[in-house]
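# A closer look at the structure
One-letter residues, chain by chain:
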Amino acid sequence: MARELMKGNEAVAEAAVRAGVAAYFGYPITPQTELLEYMSRRMPELGRAFVQAESELAAVNMVYGAACTGQRVMSSSSSPGVSLMMEGVSYIAGTELPMVLVDVMRGGPGLGNIAPAQGDYNQIVHGGGHGDYHSIVLAPANVQEAVDFMALAFDLAEKYRSVTVVLMDGMLGQMMEPCELPAMLPMKTEFPDWAVTGAKGRERRFLTSINLNPTQQEITNLRMLNRWAQVEANEIRYREYFMEDAKYAVVAYGSAGRISLSAVRTARAEGIKVGLLRPITLSPFPREAIYQASRKLDGMLVVEMSSGQMLDDVLAATRFTVPTEFCARIGGVVPYPDEVLDSIRNLVKGPLTTEGHPRDRWLKRMAERN
Amino acid sequence: MDMIDNDTETLVYSRPNSLTDVSTHYCPGCTHGIAHRLIAEVIDEMNIREKMIGVASVGCSVFAYNYFNFDFVQAPHGRAPAMATGVKRVLPEKVVMTYQGDGDMASIGMAEIVHAATRGENITVFFINNTNYGMTGGQMAPTTLPGQKTTSSQNGRDVETQGYPIRAAELLSQLDGSSYVVRRSLNDPKNIRLAKKAIRMAFEVQLRGLGFSMIEFLSICPTNWGMSASASMTWLENNMIPYYPLGDYKVHPAVAEIKI
Ligand SMILES: Cc1ncc(C[n+]2csc(CCOP(=O)(O)OP(=O)(O)O)c2C)c(N)n1
């Protein structure tokens, strides 16, 4: 199929359409809005459901209702709107329903700004909503990956009855890139045996997340956790670049991963044996892959557009045994490849240490810089 | 027992098929039971049980799905109209109802109900106005009357600091998207009959695709009001009906043509 030049948000929307999404509910917020706008014309054209909700709160609960029928459903938003959805996401998780959510992250906290950032990592990867649950989180680093991850997100959500988040940022949402869209999938015609569709010729069904008996809730939570163990066993995804002979590695995801790749290429041209490990599933996190890689390394550099939210997970994955440095721009500032390149050079220059915390050293460097 | 002649005995009162065969957790005298039964009777009479999808809310009726014998989902506090929207938009041929208390619908869920009505969402909303938050132990609700004592308005609702009651039927009737919005009371046989007729009408509206319907039921909460059931009924008549007049607040011309 021909490659088309498409804006990230619109490409993701069309990819969801082609993955057979039956209903989309959303609310405008930059830098995600084009996704909603695209759906507002595309979904009705195909006879599928679209509602611009009165809030993200309503949008996620429309998703909740539609998800109860066993259809493919989704919403999208950006950081502040995603915060507002978290109650509903927790209910959806607690009801063990599939849902796909696209978060096009922006600078924060608070209203922040509309520039790209990765500050929702902890919220999305480590929970977000209340209670004990896990979500699957996919982090694309370019428009093509974002497109490819939409069908994957629906498949994973359904396979594991899980909330699946495609975690992008304003850069990926707003940039135009050539991409190849998948073929249009047929709509689902078979629905799971838990779907609420009207009790015609069968026993009634109900879906709820309330469990007043703590013992029963514990059983539910353990069932969910066992399912999560399957996700961890089967679905961890990451990409490695120049890692075969690497003595140093950058760990970065999404846009930060893409920027880091440019820096790594330049460093390689300078003769530095550095590679890139780019997590694709942030949850489940490629802990073991990072640990195994780290054992062969002299030093690591974590690059993020947040103040080291993933850094903590990387350090835990390496069991704090590998000298690690940190490089980040935050609040909506996007690092240049040169800044990452400098950090790679400084890492190589040393001193390499496992003492102290990489975030503290980075914070000091940031203070000196201003 | 041998006085009863089984051959000539006629059953005049039985459990509707649309109710499950369990006893409810509702307090003695609570009108949730009456509302449940009326809705179930109408669903049986209209033969739509297999098309029904209910949305329970957060409040005393959170377990409504245990009592209604058809498919059900259970919404977060206040979000039932949004959840019902999601269900109805993907299954437009089904009959979708929400069942909500006054804290749920008129406080935390005010945006969802107003916008569901505004969109003319083709769903039916049953709204139980018992002037307080029953499930959490009788706190002030948006419907609590001026001067009414609750556990969070212990000297009586002071409108200066705690605001005025919300008349939900009047409010929703003002929206162009709503088609059938009425207030009924569950206090005596006549009003209960009228309430049942309104339920029938609301489902007819939905089946004909005429859009948003809502019935407010004036209800009692003997436990939290600290009164007997019969004293509660008298209180409802003397205090609630004057503040919340019964009647039809919105009947779209297309709805007015329906004969039932
Ligand atoms: C987000 C959230 N806030 C608060 C609660 C606690 N809560 C449970 S039921 C309830 C009140 C419900 O009252 P109402 O809607 O009037 O129904 P009733 O119990 O009187 O039938 C509240 C506040 C909750 N479950 N969720």
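Quick caveat, the model's predicted, so the values are computed rather than measured.

On to the overall build of chain B, then. Secondary structure summary: chain B contains eleven helices and nine strands in total. Here the C-alpha radius of gyration of chain B, 18 Å, is about what a compact globule of 260 residues would show, namely 18 Å. Here the C-alpha coordinates of chain B stretch approximately 65 × 50 × 30 Å along the principal axes. Taking all 260 residues of chain B together, 58% fall into the buried category. Counting contacts in chain B only where the partners sit at least 6 residues apart, residues at least 24 apart contribute 68% of the total. As displayed, chain B offers around 10,600 Å² of accessible surface, 53% of which is attributable to carbon and sulfur atoms.

Taken residue by residue, the interface counts 34 residues in chain B and 36 residues in chain A. Approximately 2,700 Å² of surface area, both sides summed, lies buried where chain B meets chain A, with 62% of it carried by carbon and sulfur atoms. When residues of chain B are sorted by the area they lose upon contact with chain A, B:Glu50, B:Asp71 and B:Val90 head the list and together hold 21% of the total. Linking chain B to chain A there are four salt bridges. Ionic pairing is found between B:Glu50 and A:Lys200, a salt bridge with its closest N-O pair at 4.0 Å. For the pair chain B and chain A, the number of links is 14 residue pairs in polar contact (both at pLDDT 80 or more). Elements with a contribution of two residues or more to the side of chain B that touches chain A: strand E1 (52–56), helix H2 (64–67), strand E2 (71–74), helix H3 (80–90) and helix H5 (110–118) of chain B. For the side of chain B that touches chain A, the leading source of residues is H3(B), giving seven residues. Per-class residue counts for the side of chain B that touches chain A are 18 nonpolar, eight polar and eight charged. Pairing geometry for strand E9 (residues 206–207) of chain A and E2(B), over two bridges, is parallel. Looking at the pairing, A:Leu207 lines up with B:Val73 of E2(B).

Bringing the site of the ligand into the picture now. Near the ligand, the surroundings consist of 17 residues, among which B:Cys60, B:Asp102, B:Asp104, B:Gly134 and B:Met135 are the closest. Residues close to the ligand are split across chains A and B. At a separation of 2.7 Å, an oxygen atom of the ligand approaches a polar backbone atom of B:Gly134. If the ligand stood free it would expose 600 Å²; the protein chains cover 76% of that surface. For the shell around the ligand, the secondary-structure elements that each account for two or more residues are helix H4 (102–108) and strand E5 (132–133) of chain B.

If you trace the eight strands from one edge of the open sheet to the other, you get E9(A)-E2(B)-E1(B)-E3(B)-E4(B)-E8(B)-E7(B)-E9(B), paired in mixed fashion. Only two strands of the sheet have a single neighbouring strand rather than two, namely E9 of chain A together with strand E9 (247–251) of chain B. Relative to strand E4 (residues 124–129) of chain B, strand E3 (residues 95–101) of chain B is paired through five bridges, and the arrangement is parallel. For B:Met97, the partnering residue across the bridge sits in E4(B) and is B:Thr124. Sitting on the sheet, H5(B) is in contact with E3, E4, strand E7 (178–185) and strand E8 (212–218) of chain B, with an inclination near 135 degrees to E8(B). On the sheet, helix H10 (residues 229–243) of chain B packs against E4, E7 and E8 of chain B and is oriented at approximately 140 degrees with respect to E8(B).

Our next topic: the domain arrangement of chain A. Residues and elements named next belong to chain A. Entries for chain A in the domain assignment read domain 1 (4–188 + 207–234) and domain 2 (239–369). The C-alpha-based centres of domain 1 and domain 2 are spaced at 28 Å. Where domain 1 abuts domain 2, roughly 2,200 Å² becomes buried across the two surfaces, and 50% of that area is made up of carbon and sulfur atoms. Here domain 1 is connected to domain 2 by three salt bridges. Salt-bridge contacts for Glu145 lead to Arg278; the nearest nitrogen and oxygen are separated by 2.7 Å. Where domain 1 touches domain 2, the interface holds 17 residue pairs in polar contact (both at pLDDT 80 or more). Secondary structure elements with two or more residues in the side of domain 1 that touches domain 2: helix H5 (121–125), strand E6 (136–138), helix H6 (143–159), strand E7 (163–169), helix H7 (170–174) and helix H8 (214–234). In terms of residue class, the side of domain 1 that touches domain 2 is built from 19 nonpolar, nine polar and five charged.

Reading the values: rules and limits
- Residues numbered from 1 in each chain as written.
- Chains lettered and ligands numbered in written order.
- Predicted model: local features only at pLDDT ≥ 70, side-chain atom pairs only at ≥ 80, totals over all residues.
- Heavy atoms only, no water.
- Helix = DSSP H or I, 4+ residues; strand = E, 2+ residues; numbered from the N terminus.
- Rg over C-alpha atoms; globule rule 2.2 N^0.38 Å.
- Buried < 20%, exposed > 50% of the residue type's maximum accessible area, 1.4 Å probe, protein only.
- Contact = heavy atoms within 4.5 Å.
- Areas by Shrake-Rupley, 256 points an atom, 1.4 Å probe, with all protein chains shown as cover.
- Buried area = accessible area lost by both parts, 1.4 Å probe.
- Salt bridge = Lys/Arg side-chain N within 4 Å of Asp/Glu carboxyl O.
- Polar contact = N/O pair within 3.5 Å; in protein donor to acceptor, adjacent residues only side chain to side chain.
- Nonpolar A, V, L, I, M, F, W, Y, C, P; charged D, E, K, R; others polar.
- Pairing = 2+ DSSP bridges.
- Near = heavy atom within 4 Å.
- Axes fitted to C-alpha atoms, helices over the stretch in contact; angles between N-to-C directions.
- Domains from an automatic or database assignment.

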